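# Structural features, examined
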Amino acid sequence: MTMLIHREPASDALPFALAAVKAHVRVTHDYENDALTTIAATAALEIEQFAQIALLFQTVRVTIFDAQEGAGLTLPIGPVVGDAVPTVTIDGDAFDGFDFYPGNRPYIRWNTSPAWGKIGRIGIVYLAGFGATETDIPADLAQALMDQAALLYDARSPMDERIRTTSRVGARYRGVRS
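Residues numbered from 1 in each chain as written. Predicted model: local features only at pLDDT ≥ 70, side-chain atom pairs only at ≥ 80, totals over all residues. Heavy atoms only, no water.

Moving on: the packing of aromatic side chains. Enumeration according to the criterion identifies two aromatic pairs in this entry. Ring geometry for F95 against W110: centres 5.9 Å apart, planes inclined by 65°, an arrangement best described as edge-to-face. Of this pair, F95 sits in strand β5 (residues 93-95) while W110 sits in strand β7 (residues 107-110), and the two are 15 residues apart along the sequence. For F95, a relative accessible area of 17% corresponds to the buried category. Relative to W110, the ring of F98 lies with its centre 6.5 Å away and its plane at 85°, an arrangement referred to as edge-to-face. With F98 in strand β6 (residues 98-101) and W110 in strand β7, this residue pair connects regions lying twelve residues apart in the sequence. Comparing F98 with W110, the two get one shared label, buried. Ring-pair connections join several aromatic residues into one group, and the members of that group are F95, F98 and W110. (Phe/Tyr/Trp six-rings, centres within 6.5 Å; stacked < 30°, edge-to-face > 60°. Helix = DSSP H or I, 4+ residues; strand = E, 2+ residues; numbered from the N terminus. Buried < 20%, exposed > 50% of the residue type's maximum accessible area, 1.4 Å probe, protein only.)

Turning our eyes to something else, we now look at the pairing of strand β2 (residues 58-65). The alternating pattern of β2 places Q58, V60, V62 and I64 on a buried face and T59, R61, T63 and F65 on a face that is not buried. Strand direction decides the pairing type here: β2 and strand β8 (residues 121-128), joined by eight bridges, are antiparallel. Considered in β8, the bridge of V62 is made with I124. (Pairing = 2+ DSSP bridges.)

Now for the layout of surface pockets. To find leftover empty space, a probe the size of one water molecule is rolled over the atoms. Taken as a whole, the largest pocket holds about 270 Å³ of empty space. P9, A13, P15, E48 and Q58 are, among the 17 residues lining the largest pocket, the residues nearest its centre. Taken together, the elements giving at least two residues each to the lining of the largest pocket come down to β1 (2-9) and α2 (33-51). For the lining of the largest pocket, the element with the highest residue contribution is α2, accounting for four residues. Broken down by class, the residue content of the lining of the largest pocket amounts to twelve nonpolar, three polar and two charged. (1 Å grid on protein atoms, 1.4 Å probe; cavity = no way out; pocket = protein on both sides within 12 Å on 5 of 7 lines; lining within 4 Å. Points joined across faces, edges and corners; volume = space filled by probe spheres on them. Nonpolar A, V, L, I, M, F, W, Y, C, P; charged D, E, K, R; others polar.)

Distances and angles like these do not, on their own, reveal function.
Here it is in structure tokens:
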């Protein structure tokens, strides 16, 4: 099975408040605002990639080739909140033979078995994220973002080690399978 994932932010909102980042890194002037915004945005992307999450609402488009027969599919990016049901297509045709279970690790359970041997492509489009603004992000993830931004700001060069907070917090959201 080959899975392609494309994310599209639902808005231009940032997953942090610049004033909070500046306070966390102890910067009181404004001439580094652009650099700090870039650094904090980079920290956010690192967390999203590591934990396989969307901090703010994003439209996630999943394309699956060579789908394998099974009872269902864990979607690659979480969380999915509320009643948002994904759109599923099989070879371009709408498909509604599934149940959907939102949460940190959203899951589709097939209740109508597709013709597995004849499927060329499955498309799934859904909305993932904790909310529309930085205040919707859980406090531990917001703190990890600030800690990672501080580390990037202080180092301002490639690093050999990840900050422990990001790894520890991100692992809770990642959905690693053993």
